[in-house]
Every structure is written in structure tokens, then in C-alpha cells.
Amino acid sequence: MSMIYPANFSAFFFFLMIRRPPRSTLSSSSAASDVYKRQMVFKLCVMAALLALGVHTASVDEWKRRTTYQLLTDRFATHHDTCNTAQGCQYGNYCGGGYQAMIGKLDYIQGMGFDAVWISPVVANTDCGYHGYWAEDLFAMNPHFGTEEDLVALSDALHSRGMFLMVDVVYNHMGPADDKSQLKPFDADFYYHQNCQIDYSSQDSIEDCWLANLPDLNQADSRVGPVLQGWTDKLLTKYKVDGIRIDTVAYVHKGFWQYLTQTALNGTYAVGEVLIGGKPLSYIAGYQNSSDNEAQ
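Residues numbered from 1 in each chain as written. Predicted model: local features only at pLDDT ≥ 70, side-chain atom pairs only at ≥ 80, totals over all residues. Heavy atoms only, no water.

What exactly am I supposed to notice about the nonpolar core here?
When a protein is soluble and globular, its nonpolar side chains tend to lie buried together. Counting 68 residues, the largest nonpolar core has Ile119, Tyr171, Phe186 and Ile244 as the members making the most contacts within it. Examining the composition of this core, we find that six residues originate from one element, helix H8 (residues 254–265), more than from any other. Apart from residues lying up to four places away in sequence, Tyr171 is in contact with Leu217, Gln219, Leu228, Trp231, Thr232, Ile244, Ile246, Phe256, Trp257 and Leu260. Ala116, Met166, Tyr269 and Val271 belong to the second-largest nonpolar core, a separate cluster that totals eight residues. (Core = buried A, V, L, I, M, F, W, Y, C linked by side-chain atoms within 4.5 Å. Buried < 20%, exposed > 50% of the residue type's maximum accessible area, 1.4 Å probe, protein only. Helix = DSSP H or I, 4+ residues; strand = E, 2+ residues; numbered from the N terminus. Contact = heavy atoms within 4.5 Å.)

So this is what it looks like as C-alpha cells:
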């Protein structure tokens, strides 16, 4: 099943050169649930209703006047004396940072002259995903960081100070899992590209193969794109998000970004990571104000 993306829409990206925490392959499993799928459909209906109420976002001009403080949610304002060093976590595990503790540090952040905060991805992650980039369930909060109410409280606390909230998001892949039934809502192989090693001389390979052996979503499938759109609607509306930072932009074909821009972002400010070693500046520039479907 394929999705036809609308053509001739300008892409929304500004590139941002940063490095993510390292990734590796870990595994666990859980049973698939028909009840969960029915709940997901219900949630998407709720999201559509929320979208009709409007999105709490800031304009590009407003963001241009902002100084943004990036923090790794788990490692900022921790409330544990030591980090959780559970066995099997190659790069470490959770250290206890969360939204409520973050609220208590807003005087510190604002006092340094920052008026926007960029936080880690908020969704539930697979084992050892303290950084947030290994999604296990797009429609569940990462319980290590706090509840939905805690995230809304953080957003409200920022806005009461005239500050903005930016949330990191991942559309390229899900977290490491041998059993896809563990991953929600994309709990079967047909939601993903076939596993292959990336050939960085080929843009098709960059977009269709698996980065660091992480399950690579097929955004062109009509069973994937609309769900990602619905999830974006929820993120922006329910949590009063002012802008988003998008991970691994170059690993997803441009047609999806154009589709997302038209159907879900609704003018939301977005920055995207285009970071692939050895690529010329023209490659990065291809993700700014582009309406074609190929990287430049």
C-alpha cells in the first residue's frame, strides 16, 4: 500500500548540526493487542477534535528572536544520587531527570538569558532509551520523565514566563526490538522497510535502509503516514508545544516532509537535523525551501 504525497509544497527545514547519543541494538518482546489498536483509533479521533481547537505554536519570526537552551531531559535536574546502571545498557541508563524537576530549574535557565527550552523526545522508549530516540509506544509518555500532566505543567510554567517549549521528535525509526509486536502502533514487519545496511553514496539507501540497525519506518505506506500525522497533532495540541526539532531528517524522503507540513504542522516552527558526514553544503541546502523529491 502506498501513499501519494501532495506536490509543490515548500519544505520547512532549517538545518541544525548536532550529534545524538550513540545507538545500539537491544531486544525485548511483548504481546500484540487488538484492544490497543482500537484504543489507538479512538485516540486519533480525539486528536482530530483537538486540532480543530487550534495549535499553540509560535511563528518563525518569534522563534528568530529566541535563545534556546537544549537539555537532555533525563540528565538535567536529576533527583537521584546515582544513575541507574542496569545490566545490558551499553551507553548507560536513566538518571532520574524529569519535567517536575525541570520546572524547579526555570529560574536558573531564564537567569542565563534563555527564553526557550528544547527537551528530549517525550514518548515511551525501549529498554535503555534514556535519551528518548528509541520509541516503543508513540501514544504513551516516557514514565521516567513524568506524566502527561507533568509535561503540560512544564509547558504552562514556561509560557507563564514568556518562554517557549520545543520538543524533539523522531519520524525515521522506532526503538530496537527483535519482536515488532513490542512497538506501538507499528507492531508488524509491513510497517517497515526491509533491513539493509546503508550505502551512503545512494540517497535511496539512506532513506530505505536501517540506521544503526533501528527499525526503519516506511512513511510512504498509507498505514504509516497518517498515523504519524495524527501523533503530531496530539503532540502540538495537547502539550501546547511551540516548536519541534526533527531527528534524522535526511533519512526520510522529502515527500513525507512536504506531506507533514501541509497536513499536521499548520505553520508550526520546525528545525531538522541533516547530519551525514562527507556530504557537501549543497546536500544540506537541499532541505531548505525545496519542493522536489530528491536530495540535491
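Now that the structure has been shown, we can carry on.
Just to check I follow, could you spell out the state of the cysteines for this structure?
Tallying each qualifying case throughout the model produces two disulfides. Here Cys89 connects covalently by a disulfide to Cys128, the sulfurs 2.0 Å from one another. Measuring handedness by torsion sign, the sulfur bridge of Cys89 and Cys128 sits at about -75° and is left-handed. With Cys89 in the loop between strand S1 (68–70) and helix H3 (99–103) and Cys128 in the loop between strand S3 (123–125) and strand S4 (135–141), this residue pair connects regions lying 39 residues apart in the sequence. The disulfide partner of Cys196 is Cys209, and the gap between their sulfur atoms is 1.9 Å. Taking the sign of the torsion about the S-S bond as the criterion, the disulfide between Cys196 and Cys209, at about -105°, is left-handed. (Disulfide = S-S within 2.5 Å.)

Explanation requested: the environment of Met102 in the structure shown.
Summarising the element assignment, Met102 is placed in helix H3. Relative accessible area serves as the criterion here: at 1%, Met102 is assigned to the buried category. Along the chain, Met102 and Ile119 lie 17 residues apart, while their C-alpha atoms are 10.0 Å from each other. Residues in contact with Met102, not counting those within four places in the same chain, are Leu71, Thr73, Phe76, Ala77, Ile119 and Leu154.

For this particular structure, what's the right way to read the environment of Met163?
Along the chain, the position of Met163 falls in the loop between helix H5 (148–160) and strand S5 (164–169). Taking C-alpha positions, Met163 is 7.6 Å from Val117, a pair spaced 46 residues apart along the chain.

Could you clarify how one ought to interpret the environment of Lys234 in this entry?
The residue Lys234 is located in helix H7 (residues 225–238) in this model. In this structure the C-alpha to C-alpha distance between Lys234 and Phe139, which are 95 residues apart in sequence, comes to 8.9 Å.

Sorry if this is basic, but what is going on with the pattern of salt bridges here?
Summed over the entire model, instances satisfying the criterion amount to eleven salt bridges. Two residues, Glu148 and Lys238, come together in a salt bridge whose shortest N-O distance is 2.8 Å. Highlighted residues: Glu148 in helix H5 and Lys238 in helix H7, separated in sequence by 90 residues. Among the residues examined, Lys238 registers a relative accessible area of 35% and is labelled partly exposed. Overlapping salt bridges, with partners in common, bring together Asp168, Arg245, Asp247 and Glu273 in one network. (Salt bridge = Lys/Arg side-chain N within 4 Å of Asp/Glu carboxyl O.)

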